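# Descriptive structure summary
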Amino acid sequence: MATSAGASGASSKTEFDVIVIGAGPGGYVAAIRAAQLGASAAVIEKQYIGGTCLNVGCIPSKALLHIAEEYSKFKDLDTLGIVAEPPKFDMVKAVAYKTKVVKQLTGGVAALLKANGVTTFNGAGRVDEPGKVIVTAQNGAETTLRAKNIILAQGSVPIRPPFPGIDGKNVIFSTEALELTKVPDSLICIGGGVIAVEFACLFNALGSKVTIVEMLPSMIAYEEPEIVKYLEKSLKKRGAQIHLNTKVEAIADTPEGKVVTATGPNGPMSFTGEYVLVAVGRTANPEGIQGLIQHGLQMDRNKVVVDDHMRTNIPGIYAIGDLSGKTQLAHTAMTEGEIAAENCMGHDAVMDYTVIPRPVFTFPELASVGLTEAQAKEKDPQAKVGTFPWAANGKALASNDTEGMIKVILGRYGEILGASIAGPDAPNLIAEFALAMKGELTATEIINTVHAHPTFSEALREAVLAAEQRAVHIYQRK
Ligand code: NAD
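Residues numbered from 1 in each chain as written. Predicted model: local features only at pLDDT ≥ 70, side-chain atom pairs only at ≥ 80, totals over all residues. Heavy atoms only, no water.

## Some details on the site of the ligand
What surrounds the ligand is a group of 21 residues, the closest being E198, E214, G281, Q328 and P359. Between the ligand and M215 there is a distance of 3.2 Å, counted from a nitrogen atom to a backbone nitrogen or oxygen. For the ligand, a nitrogen atom lies 2.9 Å from a polar atom in the backbone of P359. Starting from 850 Å² of accessible surface for the ligand in isolation, the protein chains cover 82%. Of all the secondary structure elements, the ones that give two or more residues to the shell around the ligand are α6 (194-205) and β13 (247-254). Per-element tally for the shell around the ligand: the top contributor is α6, with three residues. In the shell around the ligand, the residues fall into 12 nonpolar, five polar and four charged. (Near = heavy atom within 4 Å. Polar contact = N/O pair within 3.5 Å; in protein donor to acceptor, adjacent residues only side chain to side chain. Areas by Shrake-Rupley, 256 points an atom, 1.4 Å probe, with all protein chains shown as cover. Helix = DSSP H or I, 4+ residues; strand = E, 2+ residues; numbered from the N terminus. Nonpolar A, V, L, I, M, F, W, Y, C, P; charged D, E, K, R; others polar.)

In structure tokens, the structure reads:
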């Protein structure tokens, strides 16, 4: 029978097959998978079931982005023949909606853990040696638990750069950005990575004057440049300012507001705004494993080193998610959680990092899988590239959603080496290419699969046709 217990020992059970530390997307999935395989499983969580992703990351940001998208649609209604009064926006109600979504989802996960017979301990987990976990409750009470297998899933925390002014008023990180009770008049985003661009799109759509300051020559620098350009163009069209090759060095208070100082391509620069969002990356959170580290746990700076079975160098200790930090994506953590749980239960499961979709929830949405064109051409100079613009897709035209394109790269045997999408429903659509890659399908199978008309999915097939120089809905010069 399932139990939920405080570390003070509301559950009398202290011996398990598998104990998971951290109930984020990696940890709770690992615990459920272990239970499905017949393990007596426990999960230790000090703050909130669902971790960063469900509580202060992916899910709440998607709830607010959904609201911002709906709100911004009103600008285009006139084009569609709908005459409406300009809408008003209430940030307090929007945040309440976001909180309701989070509660519903985290409540669902707690119920799933219980239904699967997983015991939940509320408290901070500490592992000083293999086989033993100490849970410290908020009131300081300690409970000792034992398990043959321990899965570490403590996640990550935002990097706090050591700038002067980082602790000042109105300097926020992603967690605080989700709790604002008013839309900032202006927002300076330090960093042009995934978190910054998602919040930039969110607050730009709600009316903030947004400035992005990124030290590299591109936002989301590891993604396909052509796809990122669409986002850059779109943000600029909507009034956002983007400064690339510009490294932030300090934040200060002035009577005009926050001032961010930086070194740009032509020397010193400064930006003034009401709020500063700091999003310069996240770092693994090796909390509660100092004892194990002393015991010889292999680390790479603060990340736990694992093999493709999610095993650390200490038998019986596994690590997953942002703590081992291969991609810092919730869906990677979830899959790693399943792999670790299966291996704890005697299986031989191997993690494959070659096919991991990379979604970015911006306006327009972006998503990629596999290699970029430059990476693919390095591997195979003969690689073929096909692109297809949304403007040539009937469903996109009908939906007034034609910004962006699809790009697909084929290897010499027609295999999919990579794909990137900017535009409608990109994070959902990329799944077709991910499945094709994982299943080792080639261009032929995608072309021979009938895609429903009129749908966005037809455009994926057209991009593959384009790579084979036979697109139907764009003219390709011979
Ligand atoms: P990031 O690594 O994606 O981006 C940080 C950016 O800050 C980099 O481009 C870096 O060059 C820049 N930067 C660092 N120091 C700077 C400085 N002094 N001045 C100017 N620019 C500077 O990190 P993030 O956006 O904080 O996101 C953290 C992690 O969370 C990422 O790994 C990401 O994968 C994950 N995440 C994913 C999603 C998603 O999948 N949609 C959404 C949010 C977060």
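So, next bit.
## A word on empty space enclosed by the protein
The tally for this structure, following the rule as stated, stands at one cavity of 30 Å³ or more. In this model, the largest cavity occupies a volume close to 50 Å³. Broken down by class, the residue content of the lining of the largest cavity amounts to six nonpolar, two polar and one charged. (1 Å grid on protein atoms, 1.4 Å probe; cavity = no way out; pocket = protein on both sides within 12 Å on 5 of 7 lines; lining within 4 Å. Points joined across faces, edges and corners; volume = space filled by probe spheres on them.)

## Brief notes about the environment of R358
Structurally, R358 is set in strand β21 (residues 358-360). By relative accessible area, R358 is classed as buried at 19%. Along the chain, R358 and A124 lie 234 residues apart, while their C-alpha atoms are 31 Å from each other. In this structure the side chain of R358 is engaged in a polar contact, spanning 3.1 Å, whose partner is the backbone oxygen of G370. (Buried < 20%, exposed > 50% of the residue type's maximum accessible area, 1.4 Å probe, protein only.)

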